[in-house]
Amino acid sequence: MSITLEDVRHIASLARLGLSEQRAESVATELNTILSHMDALSTVNTEGVAEAVGSGVRTMPLRDDASAPIPLVRPLESFAPSLRDGLLLVPRLSSHETVE
Amino acid sequence: MSALSAAALRDQTISGDASPAETVDAAVARCAAVGAGRERLNVFAWADDADARDHAALALRQRDQGGTGLLLGVPVAIKDNIATLTLPTTCGSNILAGYVSPYEATVVTKLRAAGAIPFGKTNMDEFAMGSSTEHSAYGPTRNPLAPDRVPGGSSGGSAAAVAAGIVPVALGSETGGSVRQPASFCGIVGVKPSYGRVSRFGLVAFASSLDHVGVFGATVDDAARGLRVIAGHDPRDATSVDAPVPDYHGAHEQSVKGLVIGRPREYFPDSLDPRIRERCDAALERLRELGAEVRDVSLPHTSMAIPVYYIVAPAEASANLSRFDGVRYGMRVEGEGLRGMYEATRSRGFGPEVTRRILLGTYVLSAGYYDAYYRKAQQVRTLIGRDFTDVFASGVDVLFTPTAPTTAFPIGAISDPYEMYMSDIFTATANLAGVPAMSQPIGLVDGLPVGGQFMAAHLGEMKMFAAAYALERALGSEARA
């Protein structure tokens, strides 16, 4: 499988990363080089083998489906880029692209 | 190396022969003496002498109240991706420039409860993605033993802080070898505990099924004490194991007579530097002389670890790092509308390696490629885990291997991303399987340290430490000479 420039533009859009044309071209080359090494996986017989879940370690106990708030030592205002009346502000959605 | 071990510093603090304030003064003086600042070694992302002195005052109060915490009065450096309340937590990234966490990582709370003195936030590869600590917004960290070379990564700043003798203990994090490989390059001890053994609450997530908090020590005992303090169940981390924590430093009394040590052939390929092979085999011979049994064993899927790791880790990273979008914390760069703001913020905030891995992860999870890459990688990961299960079920207590295929390489020497990824070839398997592993110095090649790695079954840290203590004693000054 080979990644095209169009693929790079698509995944950059999915990942919300702006890439210059020049950078997109170099990323395509880099990803193709990296993925060529991943092709070795196709030589492994995985018929009937389950996918790993997490680290595969049987240690994660069930717990109550309830969340405990994490006490914060400083308010949202101290680290949120833009805030009003306790709500996080974002740019207007009217200019947001609606088609992926 | 630090003039005093963690145990000696603690004892002197309790007896009154040393005060926490004097200890901080000594660490600050050591920073100046070795050139820990940006202009030379570039060990720290954030350092504040006044902050360290505040923590020293708290340690003094603990002592005056009769405290005997395991790290009382011991300065501990902390990687810049572990949340602290009084210093920024920026993951070596511009996207978190100036961010100070509103909550504290459990491991830091545990350190402070044990009387430790948090001493600076150490430099790292951005978001822990790298094997050299060259990919930080704050510039590269240099190896204290050979400043023209890398300290390894991604926890290179923490490794350098210990190797330069600033602190005897430091915290790092591991996703594919980011504690053990820099420990190997810097001639110190680095431990990756079992998955779930140490809480990740407050560790900025990179790849959640692979991330661990790890410990550096100047010696095996320093690392054992550090791990003893930070290990244990944490209800705030759903992956945390609820199991008793042994006194790892008690393993120094255990004999290795009868211990079965596996030498997996896949970690000693023909391409391995013969001098590294020789150091490993010499270490195994010492262990055999002490009564251990050394067996040749096989972990047949080892060569698949890097392809699996570099699919699974970027896939998880692409999800975890989606939270850095300019809305909730960190930097915001205005753009056209909401999407423009997202793209401008993330493109300006993330460096090239992080961008590359987010794109790689997005690709392997995207429609049409998921089965060929991500699903296949998770199936092969199951087989890698079975390799470990089978070898330990066969009666092997611990495995011994080289930690890395090379010694520390010159800064700027590796520009090909995949060549850099291969630096993790002997370490990524333990992260994929969730088993504990550690690196310790076993000698030099061309004047540079070589690390030997022990691995054990899940929650088998005591056996690993017993072997490591014994080997350290047997090698003595040979390990670092």
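Model, not experiment: these values are computed from the prediction.

**Q** Before we go on, may I ask you to explain the overall build of chain B in this structure?
**A** Tallying secondary structure elements over chain B gives 15 helices and 11 strands in all. Dimensions along the principal axes, computed over C-alpha positions, put chain B at roughly 70 × 55 × 45 Å. By residue count, 63% of the 481 residues in chain B fall in the buried class.

**Q** What exactly am I supposed to notice about the overall build of chain A here?
**A** A tally of regular secondary structure across chain A gives 2 helices and 2 strands. Every one of the 100 residues in chain A was classed for burial, and the buried ones make up 19%.

**Q** What should I look at first to understand helix H1 (residues 6–15) of chain B in this one?
**A** Given 3.6 residues per turn, any residue in an α-helix points the same way as the ones three and four places further on. Residues and elements named next belong to chain B. Those residues of H1 that sit buried are Ala6, Leu9, Arg10 and Thr13. The buried residues of H1 occupy one face: seen down the axis, they fall within an arc of 100°. Check the buried side of H1 and you find it contacts helix H2 (20–34), helix H3 (49–64), strand S4 (169–174) and helix H7 (220–230). Residue Gly16 follows H1 closely and has a positive phi angle near 90°.

**Q** Hey, could you run me through the interface of chain A and chain B in this one?
**A** Interfaces are often described in size by the accessible area the parts lose on coming together. In this assembly, 50 residues from chain A lie in contact with 58 residues from chain B. When contributions to the side of chain A that touches chain B are tallied by element, the ones reaching two or more residues are helix H1 (5–14) and helix H2 (21–38) of chain A. The dominant element in the side of chain A that touches chain B, judged by the number of residues it contributes, is H2 of chain A, at 7 residues. Of the residues that constitute the side of chain A that touches chain B, the class distribution is 31 nonpolar, 12 polar and 7 charged.

**Q** Mind showing me how you'd approach the packing of helix H9 (residues 305–320) of chain B against helix H11 (residues 352–365) of chain B here?
**A** Helix-helix packing: each pair is described by the crossing angle between the helix axes and the interaxial distance. Residues and elements named next belong to chain B. One way to put it is that H9 packs onto H11 with a least axis distance of 7 Å and a crossing angle of 100°. Classified by the angle their axes make, H9 and H11 are roughly perpendicular. Taking contact as the criterion, the partners of Ile311, Pro314, Ala315, Ala317 and Ser318 in H9 are, on H11, Arg357, Ile358, Leu360, Gly361, Thr362, Val364 and Leu365. Looking at side-chain class alone, the contact of H9 with H11 contains 8 nonpolar, 3 polar and 1 charged residues.

**Q** What exactly am I supposed to notice about the nonpolar core here?
**A** Across soluble globular proteins, nonpolar side chains have a tendency to be buried as a group. Residues and elements named next belong to chain B. Ranked by size, the top nonpolar core spans 165 residues in total, and within it Leu71, Val76, Phe216, Phe454 and Ala467 carry the most contacts. Top element by residues in this core is H9. It accounts for 10 residues. Beyond its immediate chain neighbours, meaning those up to four positions away, Phe216 contacts Ser158, Ala159, Val162, Val169, Ala170, Gly172, Val179, Ala183, Ile188, Val189, Gly190 and Ala223.

**Q** Mind showing me how you'd approach the sheet that holds strand S1 (residues 44–46) of chain B here?
**A** Backbone hydrogen bonds are what pair the strands of a sheet, in a parallel or an antiparallel way. Residues and elements named next belong to chain B. Across the sheet, which stays open at both edges, the 11 strands sit in the order S1-S3-S2-S4-S6-S5-S10-S11-S9-S7-S8 with mixed pairing between neighbours. Strand pairing shows two members of the sheet lacking a second neighbour, S1 and strand S8 (293–297), which therefore form its edges. Direction aside, neighbouring strands of the sheet carry axes that sit 35° apart on average. With 2 bridges joining them, strand S7 (residues 260–264) and strand S9 (residues 398–402) adopt parallel strand pairing. Counted as the bridge partner of Gly262 is Leu399 from S9. Sitting on the sheet, H3 is in contact with strand S2 (75–79) and strand S3 (117–122), with an inclination near 155° to S3.

**Q** Would you explain the pairing of S9 of chain B in this entry?
**A** Residue and element names in this part refer to chain B. Of all 5 residues in S9, 5 are buried; the element is thus mostly enclosed. Across 5 bridges, S9 lies against strand S11 (residues 448–456) in antiparallel orientation. Along S11, the bridge assignment pairs Val398 with Ala456.

**Q** Please clarify how the packing of H1 of chain A against H11 of chain B should be interpreted in this entry.
**A** Where H1 of chain A contacts H11 of chain B, the axes come no closer than 9 Å and their chain directions differ by 100°. In terms of orientation, H1 of chain A and H11 of chain B fall into the roughly perpendicular class. In contact with Ile11, Ala12 and Leu14 of chain A of H1 of chain A, H11 of chain B contributes Leu359, Thr362 and Tyr363 of chain B.

**Q** Even after reading the chapter, I still don't get the environment of Asp387 of chain B, so can you show me in this structure?
**A** Residues and elements named next belong to chain B. Examined against the element boundaries, Asp387 turns out to sit in helix H12 (residues 371–393). With 22 C-beta atoms counted inside 10 Å, the residue Asp387 sits in the buried group. With residues up to four places along the chain from it excluded, the contact list for Asp387 reads Leu299, Pro300 and His301.

**Q** Can you help me understand the confidence of the model for chain B in this one?
**A** As a note on interpretation, predicted positions should not be read in detail where pLDDT is low. Scored by pLDDT, chain B comes out at a mean of 96, with 99% of its residues at no less than 70. Across the interface, the model reports ipTM at 0.90; the global pTM reads 0.96.

**Q** Teacher, can you tell me more about H7 of chain B here?
**A** Residue and element names in this part refer to chain B. Of all the 11 residues making up H7, 11 are buried; the element is thus mostly covered by neighbouring parts of the structure. When H7 is considered as a whole, its buried residues turn out to be Val220, Asp221, Asp222, Ala223, Ala224, Arg225, Gly226, Leu227, Arg228, Val229 and Ile230. Trailing H7 by a residue or two, Gly232 shows a phi angle of about 130°, which is positive.

**Q** Would you take a moment to explain the pairing of strand S6 (residues 212–217) of chain B for this structure?
**A** The two faces of a sheet get side chains in turn, since along a regular strand they alternate between them. All names here are of chain B. Counted residue by residue, S6 has 6 buried out of 6 residues, so it is predominantly covered. Burial along S6 is two-sided: the face carrying His212, Gly214 and Phe216 and the face carrying Val213, Val215 and Gly217 are both buried. Examined bridge by bridge, S4 and S6 share 6 bridges and lie antiparallel to one another. When the bridges of S6 are listed, Ser173 appears paired with Val213. Of the pairings in the sheet, the one linking strand S5 (residues 189–192) to S6 comprises 3 bridges and is antiparallel in character. In the sheet register, Gly190 faces S6, and the bridge partner there is Phe216.

Reading the values: rules and limits
Residues numbered from 1 in each chain as written. Chains lettered and ligands numbered in written order. Predicted model: local features only at pLDDT ≥ 70, side-chain atom pairs only at ≥ 80, totals over all residues. Helix = DSSP H or I, 4+ residues; strand = E, 2+ residues; numbered from the N terminus. Buried ≥ 20, exposed ≤ 12 C-beta atoms within 10 Å, placed from the backbone. Arc of directions from axis to C-beta. Contact = placed C-beta atoms within 7 Å. Nonpolar A, V, L, I, M, F, W, Y, C, P; charged D, E, K, R; others polar. Axes fitted to C-alpha atoms, helices over the stretch in contact; angles between N-to-C directions. Parallel < 35°, antiparallel > 145°, perpendicular 65-115°, else oblique. Core = buried A, V, L, I, M, F, W, Y, C linked by C-beta atoms within 7 Å. Pairing = 2+ DSSP bridges. pLDDT = per-residue confidence, 0-100.

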